[in-house]
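Here are the chains, one letter per residue:
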Amino acid sequence: MTLLIALTLFVLAVFLGMELISKVPATLHTPLMSGSNAISGITLIGALVSAGTDHSVLTTTLGFVAVTLATINVVGGFLVTNRMLSMFAGRKKNRS
Amino acid sequence: MSRLDIIDLGYLVSAVLFIMGLKGLGRPRTAPRGNLLGAAGMFLAVLVTLLNQDILTYTMLALALAIGTAIGAVLALKVKMTSMPELVALFNGFGGGASVMVAAASFIEAVDLNAHTTQISVAAAVTAFIGAITLTGSMIAFGKLKGSLKWSGFPGLSLLRAASLLVAIPLAVLLVMQPENQGWLWALVAAGFILGVLGTVPIGGADMPVVIALLNALSGVAASTTGFVLDNPLLIIAGSLVGASGLVLTQVMCKAMNRSLLEVLFTAAPTGSSSGDDDYGDGVTATSGEEVAMLLEIAKRVVIVPGYGMAVAQAQHAVRDLMVKLEASGVEVVFGIHPVAGRMPGHMNVLLAEAEIDYELLFDMDQINPTFARTDVTIVIGANDVVNPAARTDPDSPIAGMPILDVDHSRTVVVIKRSLSPGFAGISNPLFVADNALLYFADAREAVLEIVAALHEG
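Residues numbered from 1 in each chain as written. Chains lettered and ligands numbered in written order. Predicted model: local features only at pLDDT ≥ 70, side-chain atom pairs only at ≥ 80, totals over all residues.

(A) View of the overall build of chain A. From N to C terminus, chain A includes four helices and zero strands. Reading chain A from its N terminus to its C terminus gives the helix and strand order α-α-α-α. Along the first, second and third principal axes, the C-alpha atoms of chain A reach 60 × 30 × 15 Å. Looking at chain A alone, contacts between residues at least 24 apart form 57% of all its contacts between residues at least 6 apart. (Helix = DSSP H or I, 4+ residues; strand = E, 2+ residues; numbered from the N terminus. Contact = placed C-beta atoms within 7 Å.)

This is how it looks when you write it as structure tokens:
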């Protein structure tokens, strides 16, 4: 991937991110934050490569810790978002 | 199709799933599915990454993944809804920290193999700094939200903060010029750590939602710049999506306070010098649970305005009892929620959802404000600055121009508050001495339970 292509992806994704989130109701602010936070745990896939390549003790250790932290971020983030959202959904059922 | 093609194709599908997931998270009806789509995208990304032939040892990976999954799951499933802001901050910090380590490891490896380019060096420098800010900033926010960290700074903090920001530029230049010297990399990480601490320590109260949203955006940016280090399109796309959406949310929070992001970050919150009781003289009318119950019995429409005090007292279930009781006797009950009420974006909504209150009864500021004029009783539970009419009437007030909930327009306002102490802005609130205002001095939960008990008797 050339730098220019990488920058293109970056700029387009920034605009897309702004469009996707405009006018989200306040009720969803917290789940949106914790859900998008889980997505930012995507750094996990970089961590997997660093931890698995056996380059040096330092890089493998950094990778190992990074995999652990990023996995907490990803798994915890999606689970807690799901828990919050099912609270919203469960309530609807109770009332109708 | 080669192994690399399969990986790249998998990443493309993941990116699409993330985009659809984020879109779904923006609407109540589609939000649960959006979250699942995001999780599916992540699962796929991890799966295809494991096909990477550079990965030699799977045992360590399995171990790290297992530890992370166990810790993440326990935290997510055990946390009380009232502790949600802390948990979001904590996860956010972990994401930022992981980005720093990945960028550092890949950069060091590239230098060792003599495969580093200017792109890798610049991206590693930016990631090291931003990721480090995210990590320590989130940890400080975590401590503050938990209430265990009271530290709010020291003289000269802003100077040191500016220094740690400015020093990052020469350090980044040095790193790019002498990539083989790891010291510059770790110095940048250290500068980021310091800035993260100093940037978050002075912030409290109503500024907290802004900072939480901003840290969330920064963790996305750090993931995105890590993508430039690794030359990985999925990290760039997913990271920028989160960074951009986080910045939009930050902007929404800033608007709700009528302050710019720079003001929130670099100037201390505007504070007045109210000392509490003395400002009000004899103008305050105190009330009791029984009196409020009598008012509510003859009301047709009641608006409940929750604030941080409701979260502290964990009064949301008592509030639900009150709502159910009033609805049973034919009173219309709705909730008015200020965007920065609480300590994170949407904090009140989560608490009320936990108490099984329908989100369709929760109204944003713009929706609820025109309806106060036809409201019989408004009950303010543990909120202060966001209902302070001085923001509207007094151009010299520190909060002048901040959009507020016009609770003073309703026939009667009941303010449940432990004392007359000022809110975060440190100013007196003319609402408390208004003719139509009654103050109920009590813990939010106890006060609401009192009112419910009095309604049962009456």
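(B) Summary view of the overall build of chain B. Within chain B, the secondary structure is distributed over 18 helices and six strands. In summary, chain B has a C-alpha radius of gyration of 25 Å against a globular reference of 23 Å for 458 residues, a match within 12%. Taking the principal axes of its C-alpha atoms as reference, chain B extends roughly 80 × 50 × 35 Å. Split into buried and exposed, the 458 residues of chain B put 54% on the buried side. (Rg over C-alpha atoms; globule rule 2.2 N^0.38 Å. Buried ≥ 20, exposed ≤ 12 C-beta atoms within 10 Å, placed from the backbone.)

(C) Main features of the nonpolar core. Grouped together as the largest cluster of nonpolar side chains are 199 residues, with contacts concentrated most on A:Ala66, A:Val67, B:Ala128, B:Leu188, B:Ala238, B:Val380 and B:Ile381. If sequence neighbours within four positions are ignored, B:Val380 has contacts with B:Val305, B:Val387, B:Val407, B:Val413, B:Val414, B:Val415 and B:Ile416. (Core = buried A, V, L, I, M, F, W, Y, C linked by C-beta atoms within 7 Å.)

(D) Quick look at the sheet that holds strand E1 (residues 301-306) of chain B. Residues and elements named next belong to chain B. Taken in spatial order, the six strands of this open sheet run E3-E2-E1-E4-E5-E6, and their pairing is parallel. Of all the strands in the sheet, the pair left with one neighbour each is strand E3 (362-364) and strand E6 (437-441). Between one strand axis and the next, the sheet turns through 25° on average, direction left out of account. Against the sheet, helix H15 (residues 347-354) contacts E1, strand E2 (332-337) and E3, and its axis sits at roughly 145° relative to E2. (Pairing = 2+ DSSP bridges. Axes fitted to C-alpha atoms, helices over the stretch in contact; angles between N-to-C directions.)

(E) Seen up close, the domain arrangement of chain B. All names here are of chain B. Each assigned domain of chain B is listed with its residue range as follows: domain 1 (1-78), domain 2 (92-266) and domain 3 (277-457). Averaged C-alpha coordinates put domain 1 and domain 2 at centres separated by 23 Å. Tallying the contact residues gives seven residues for domain 1 and six residues for domain 2. Among the elements that take part in the side of domain 1 that touches domain 2, helix H1 (residues 3-25) stands out by supplying six residues, more than any other. By residue class, the composition of the side of domain 1 that touches domain 2 is six nonpolar, one polar and no charged. (Domains from an automatic or database assignment. Nonpolar A, V, L, I, M, F, W, Y, C, P; charged D, E, K, R; others polar.)

(F) Local environment of helix H2 (residues 29-40) of chain A. Residue and element names in this part refer to chain A. A rise of 1.5 Å per residue sets the reference length of H2, with its twelve residues, at 16 Å; its end C-alpha atoms lie 16 Å apart and thus fit the reference within 8%. Counting buried positions along H2 yields twelve of twelve residues, so the element is predominantly enclosed. All of the buried residues in H2 are His 29, Thr 30, Pro 31, Leu 32, Met 33, Ser 34, Gly 35, Ser 36, Asn 37, Ala 38, Ile 39 and Ser 40. (Expected span 1.5 Å × (residues − 1).)

(G) Region of the structure containing the confidence of the model for chain B. Residues with a pLDDT of 70 or more make up 96% of chain B, whose mean pLDDT is 90. When the elements of chain B are averaged for pLDDT, helix H11 (residues 261-266) of chain B gives the smallest value, 80, and helix H2 (residues 31-49) of chain B the largest, 96. (pLDDT = per-residue confidence, 0-100.)

(H) Fine view of the environment of A:Phe64. Turning to its location among the elements, A:Phe64 is positioned in helix H4 (residues 57-95). Discounting residues that sit within four places of it in the chain, A:Phe64 has contacts with A:Ala51, B:Met60 and B:Ala64.

(I) Focus on the interface of chain A and chain B. With 80 residues of chain A at the interface, the matching set in chain B holds 98 residues. If you list the elements that add at least two residues to the side of chain A that touches chain B, you get helix H1 (3-21), H2, helix H3 (43-52) and H4 of chain A. The element that contributes the greatest number of residues to the side of chain A that touches chain B is H4(A), accounting for 34 residues. Split by residue class, the side of chain A that touches chain B holds 46 nonpolar, 29 polar and five charged.

(J) Expanded view of the packing of H3(A) against helix H4 (residues 84-112) of chain B. At a closest axis distance of 9 Å, the pairing of H3(A) and H4(B) adopts a crossing angle of 40°. In terms of their interaxial angle, H3(A) and H4(B) are classed as oblique. Considering the relative orientation of H3(A) and H4(B), their crossing is left-handed. Across the interface between the two elements, A:Thr43, A:Leu44, A:Gly46, A:Ala47 and A:Ser50 of H3(A) pack against B:Gly95, B:Ala98, B:Ser99, B:Val102, B:Ala105 and B:Ser106 of H4(B). Broken down by class, the residue content of the contact of H3(A) with H4(B) amounts to five nonpolar, six polar and no charged. (Parallel < 35°, antiparallel > 145°, perpendicular 65-115°, else oblique. Left-handed = near helix turned anticlockwise from the far one by under 90°.)

(K) Structural context of the pairing of E6(B). All names here are of chain B. With four of five residues buried, E6 lies mostly within the body of the structure. Pairing of strand E5 (residues 412-417) with E6 involves five bridges; the strand directions are parallel. Within E6, the residue paired with Val 415 across the bridge is Leu 439.

(L) The environment of B:Gly423, seen in detail. For B:Gly423, the position within the fold is in the loop between E5 and E6. Those residues in contact with B:Gly423 that sit more than four places away from it in its chain are B:Asn384 and B:Asp385.

(M) Up close: the packing of helix H9 (residues 208-230) of chain B against helix H10 (residues 233-257) of chain B. All names here are of chain B. Where H9 contacts H10, the two axes come as close as 7 Å, and the packing angle between them is 160°. Relative to H10, H9 is oriented roughly antiparallel. Taken as a pair, H9 and H10 cross one another with a handedness that is left-handed. Taken together, the residues of the contact of H9 with H10 break down into 18 nonpolar, ten polar and no charged.

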